[in-house]
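Residues per chain are reported as follows:
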Amino acid sequence: SAVISQKPSRDICQRGTSLTIQCQVDSQVTMMFWYRQQPGQSLTLIATANQGSEATYESGFVIDKFPISRPNLTFSTLTVSNMSPEDSSIYLCSAGKGGGYEQYFGPGTRLTVT
Amino acid sequence: GESVGLHLPTLSVQEGDNSIINCAYSNSASDYFIWYKQESGKGPQFIIDIRSNMDKRQGQRVTVLLNKTVKHLSLQIAATQPGDSAVYFCAEGWGAQKLVFGQGTRLTINP
């Protein structure tokens, strides 16, 4: 398994600003993922962050809005840019080890945009 | 406990009873399935997984059943405890090691 931490755990931001969320894994992992979860709803994959290459974004998510960095095998950041109230959500990162599908999740970052 | 059908958002069971949570998945090419438990304010926690070449897998107090014919997945929790109260998500995976999550079921354990 893997232990994943996220910072910040929550934040309240003004519209038009940007927030960068950090995700740290306690061991080296091949793949990291970023999800969004609206309150009371399921998880939606934003992008896959691979070390040494650009992130792969899912339909409906673009790099200009959600730039991602993956500088090494234990760390990734997601930036939510030019925020609007519609970006209020929980943002979760996860890590996948080896070649399987099993993913381990961080505790999430609760973002409120006013 | 009772089987409550597909995509039911909530399920309430008495403490000590068995519960069954159901999930319909979308992709017949999915070859890997996971059940996650998410408690309030926390990230999803891995419970159990199953590959498409299996139809049943057991863990501690949990059993996952896979019916590929009708693309149905279920999670059985035996002798439910208050700590089992959470939202349970099924997830399916194929190809690029991504997971697609189902809508989730909120399980409430009544004392």
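The rules behind the values
- Residues numbered from 1 in each chain as written.
- Chains lettered and ligands numbered in written order.
- Predicted model: local features only at pLDDT ≥ 70, side-chain atom pairs only at ≥ 80, totals over all residues.
- Heavy atoms only, no water.
- Helix = DSSP H or I, 4+ residues; strand = E, 2+ residues; numbered from the N terminus.
- Rg over C-alpha atoms; globule rule 2.2 N^0.38 Å.
- Buried < 20%, exposed > 50% of the residue type's maximum accessible area, 1.4 Å probe, protein only.
- Areas by Shrake-Rupley, 256 points an atom, 1.4 Å probe, with all protein chains shown as cover.
- Pairing = 2+ DSSP bridges.
- Axes fitted to C-alpha atoms, helices over the stretch in contact; angles between N-to-C directions.
- Contact = heavy atoms within 4.5 Å.
- Buried area = accessible area lost by both parts, 1.4 Å probe.
- Salt bridge = Lys/Arg side-chain N within 4 Å of Asp/Glu carboxyl O.
- Polar contact = N/O pair within 3.5 Å; in protein donor to acceptor, adjacent residues only side chain to side chain.
- Nonpolar A, V, L, I, M, F, W, Y, C, P; charged D, E, K, R; others polar.

For the rest of this paragraph, the subject is the overall build of chain A. Counting its regular elements, chain A contains zero helices and 11 strands. Compactness check: chain A gives a C-alpha radius of gyration of 13 Å against a globular reference of 13 Å for 114 residues, within 12% of the reference. Reported as C-alpha extents along the three principal axes, the dimensions of chain A are approximately 40 × 25 × 20 Å. Looking at chain A as a whole, 52% of its 114 residues are labelled buried. When the accessible surface of chain A is split by element, carbon and sulfur atoms take 48% of a total near 5,200 Å².

Moving on to the sheet that holds strand β7 (residues 72-77) of chain B. Residue and element names in this part refer to chain B. Overall, antiparallel pairing links the four strands, which are arranged β2-β7-β6-β5 in an open sheet. The sheet is open, and its two borders are formed by β2 (19-24) and β5 (56-58), each paired with just one other strand. Averaged over neighbouring strand pairs, the angle between their axes works out to 15 degrees when direction is ignored. Bridging between strand β6 (residues 62-67) and β7 involves six bridges; their strand directions are antiparallel. Looking across to β7, one finds that leucine 65 is bridged to serine 74.

What follows covers the interface of chain A and chain B. With 20 residues of chain A at the interface, the matching set in chain B holds 23 residues. Note on chain A versus chain B: buried area summed over both sides is about 1,600 Å², and carbon and sulfur give 54% of it. Across the contact surface, chain A and chain B share one salt bridge. The partner of Glu58(A) in a salt bridge is Lys98(B), with the nearest N and O atoms 3.0 Å apart. On the surface where chain A and chain B come into contact, there are five residue pairs in polar contact (both at pLDDT 80 or more). For the side of chain A that touches chain B, the elements supplying multiple residues, two or more each, are β4 (31-37), β5 (43-50) and β10 (103-105) of chain A. Top contributing element to the side of chain A that touches chain B by residue count: β4(A), with four residues. Of the residues belonging to the side of chain A that touches chain B, the class tally is nine nonpolar, nine polar and two charged.

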